[in-house]
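Breakdown of the fold
As a plain string of letters, each chain reads:
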Amino acid sequence: MTLRQGVDATGTEAAGLDNVIEVGGLRQRYGDFEAVRGVSFTVPRGEIFALLGTNGAGKTTTMEVLEGFTPATDGTVRVLGLDPIRHRRELRLRVGIMLQEGGFLGDLTVAETVDLWKGLSEDGGRPVTLSGTTTLPGSFNLMGRVRGVDRRTMGALELVGLESKARTKVRQLSGGQKRKLDLALAVLSAPEVLFLDEPTTGMDPEARRTTWKVIENLRAGGTTVLLTTHYLEEAERLASRLAIMHEGRIHTYGTVEEVVAGSGDTVAFRLAGVTWSFGDLPSLDGTVPTLTYAGGGTEVTYTLTGGRAEARAHAALRPLLKWADERGETLERLAVRRGTLEDAFMRVVGEVR
Ligand SMILES: Nc1ncnc2c1ncn2[C@@H]1O[C@H](COP(=O)(O)OP(=O)(O)OP(=O)(O)O)[C@@H](O)[C@H]1O
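Residues numbered from 1 in each chain as written. Predicted model: local features only at pLDDT ≥ 70, side-chain atom pairs only at ≥ 80, totals over all residues.

Description of the overall build of the protein chain
Across its full length, the protein chain carries 11 helices and 13 strands. Considering the protein chain as a whole, with its 353 residues, one finds that 38% of them fall into the buried category. A separation threshold of at least 6 residues defines the contact pool for the protein chain, and within that pool the share at least 24 residues apart is 70%. (Helix = DSSP H or I, 4+ residues; strand = E, 2+ residues; numbered from the N terminus. Buried ≥ 20, exposed ≤ 12 C-beta atoms within 10 Å, placed from the backbone. Contact = placed C-beta atoms within 7 Å.)

A short note on the environment of leucine 185
With respect to the element layout, leucine 185 can be found in helix 6 (residues 175-187). Its 25 C-beta neighbours within 10 Å are what place leucine 185 among the buried residues. On a C-alpha basis, the gap between leucine 185 and leucine 116 in space is 9.9 Å, while along the polypeptide they are 69 residues apart.

Some words on the sheet that holds strand 13 (residues 332-337)
Taken in spatial order, the 4 strands line up as 11-12-10-13 in an open sheet, and their pairing is antiparallel. Strand pairing shows two members of the sheet lacking a second neighbour, strand 11 (290-294) and strand 13, which therefore form its edges. Averaged over neighbouring strand pairs, the angle between their axes works out to 15 degrees when direction is ignored. Of the pairings in the sheet, the one linking strand 11 to strand 12 (residues 297-304) comprises 5 bridges and is antiparallel in character. Following the sheet pairing, tyrosine 293 is matched in strand 12 by threonine 298. Strands strand 10 (265-272), strand 12 and strand 13 of the sheet are contacted by helix 10 (residues 312-327), whose axis makes an angle of about 20 degrees with strand 10. (Pairing = 2+ DSSP bridges. Axes fitted to C-alpha atoms, helices over the stretch in contact; angles between N-to-C directions.)

Section: the site of the ligand
Residues in contact with the ligand, as listed here, are Tyr30, Phe33, Ala35, Gly53, Asn55, Gly56, Ala57, Gly58, Lys59, Thr60 and Thr61. Of all the elements in the fold, those that place two or more residues in the shell around the ligand are strand 2 (33-44) and helix 1 (59-66). When residues of the shell around the ligand are assigned to their parent elements, the largest contribution, 3 residues, is made by helix 1. A per-class count over the shell around the ligand returns 4 nonpolar, 6 polar and 1 charged. (Near = placed C-beta within 6 Å. Nonpolar A, V, L, I, M, F, W, Y, C, P; charged D, E, K, R; others polar.)

Focus: helix 6
With 13 residues, helix 6 should reach 18 Å at 1.5 Å per residue; the first-to-last C-alpha distance of 19 Å fits that figure. With 11 of its 13 residues buried, helix 6 lies for the most part within the structure. (Expected span 1.5 Å × (residues − 1).)

Side note on the confidence of the model for the protein chain
Of all residues in the protein chain, 85% attain a pLDDT of 70 or more, and the chain-wide mean is 84. Overall, residues 10-15 carries pLDDT values under 50, and its contacts beyond four positions in sequence, including any with other chains, amount to 8 contacts. Every residue in residues 123-147 is under pLDDT 50, and counting partners more than four places away or in other chains gives 30 contacts. Here the predicted complex carries an ipTM of 0.97, next to a pTM of 0.79. (pLDDT = per-residue confidence, 0-100.)

Looking at the sheet that holds strand 9 (residues 249-254)
Taken in spatial order, the 6 strands line up as 5-6-7-3-8-9 in an open sheet, and their pairing is mixed. Taken across any chain shown, the strands that pair with only one partner, and hence form the sheet edges, are strand 5 (95-98) and strand 9. Strand after strand, the sheet turns through a mean of 15 degrees between neighbouring axes, direction not considered. Bridge count between strand 3 (residues 48-53) and strand 8 (residues 241-246): 5 bridges; the pairing is parallel.

So, the environment of leucine 232
Turning to its location among the elements, leucine 232 is positioned in helix 8 (residues 232-238). Residue class for leucine 232 comes out partly exposed when judged on the 18 C-beta atoms lying within 10 Å of it. Contact partners of leucine 232, with chain neighbours within four places excluded, come to Leu52, Leu341, Glu342 and Phe345.

Quick notes on the nonpolar core
In terms of nonpolar packing, the biggest core is built from 68 residues, with Ala50, Leu52, Ala184, Phe195, Leu226 and Ala243 touching the most fellow members. When residues in this core are grouped by element, the largest group, 6 residues, is from helix 6. Counting residues domain by domain, this core receives three or more from each of domain 1 (1-94 + 222-262 + 340-353) and domain 2 (101-190). With residues near it in sequence (within four places) discarded, leucine 226 still touches Ile21, Val43, Phe49, Leu51, Met63, Leu66 and Phe195. By size, the runner-up hydrophobic cluster in this structure holds 5 residues, among which are Val267, Leu284, Leu304 and Ala316. (Core = buried A, V, L, I, M, F, W, Y, C linked by C-beta atoms within 7 Å. Domains from an automatic or database assignment.)

Looking at the environment of valine 36
Its place among the elements puts valine 36 in strand 2. Along the sequence, valine 36 and glycine 56 sit 20 residues apart, while their C-alpha atoms lie 9.8 Å from each other. Setting aside residues no more than four positions away along its own chain, valine 36 makes contact with Leu26, Arg27, Gln28, Gly58, Thr61, Thr62 and Gly248.

Considerations on the packing of helix 6 against helix 7 (residues 205-220)
Viewed as axis vectors pointing N to C, helix 6 and helix 7 meet at an angle of 10 degrees, and their least axial separation amounts to 11 Å. As far as their axial angle goes, helix 7 and helix 6 are roughly parallel. Each of Gly176, Lys180, Leu183 and Val187 in helix 6 lies in contact with helix 7, whose residues at this interface are Ala207, Thr211, Val214 and Leu218. (Parallel < 35°, antiparallel > 145°, perpendicular 65-115°, else oblique.)

Quick look at the structure:
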């Protein structure tokens, strides 16, 4: 299912399911600027949902409303059936958050940071974030809590592959290691819902794969995950459904298969000689090819979007081969390529601009 701009993306397939995240007609203004312009989607329990989109599309803003950091200008937002602002205290114990930019106290060690976080999340009900605006409750005795490395702290560090850095000062961590620490903090309390804003930015390929495994394991254990990412491979690997946002709106929404199906398949080959024109070539499924001339030959590319995604390349090849046989031509370097998530992404951006 590919839904177009302005269409409610809550989807009938989600109806009746236990939706852990519900966003309906969300609008978010910063002064005169509307960053989110009517966004709707739902995430059933135990699903990983990815918000993709261009820079400034409104992904983080949407997350921040769900996280209870900022009230919505308009629309409905529910997490575990609760209002993220009114029920912030209750949700804090059930929700894990990994912000886009974690902010740590550089003089603490990794283990001390986890201990501090544990203390903060168990202390009172007020909002606490280690990003940017770190808030320490007045009664919090930092020195009293950070000396030892207990099993729960070590467990969280092992989960993300940071155990060897337990006694390293946070300011000595690399960018990717800081992201791992962010993830350790987000999953510390075994949350029912996890908000991950660009979780693997700055990680090397191995660390990224480790992180994917952590996220997949959490999902297998029943955690519901909302993820933003610029790595399309990450979304493809992890998400059961995704949405592509641009300028405050969701433009395409569905399973990876559904979103990719809308981006078309290409059939490409080369013909000897540079005298070929559109009129000489067959129309496949009502589509004419694009032609480019190079090195004494003609490069021919069809982009097919009609029919069933599973069968469209098959349907195109028979008439194409017949056409070539009848003329004694060879379709040199004939290749069929499935549309990709990147094609779908570029299509959204291209159509809107
Ligand atoms: N506090 C704020 N005040 C004013 N404008 C803001 C504020 N926060 C975000 N914006 C604007 O809202 C728009 C959406 O920002 P947001 O951070 O949600 O985008 P994003 O999709 O997460 O982008 P990126 O992929 O670059 O992280 C941007 O144009 C941004 O400049």
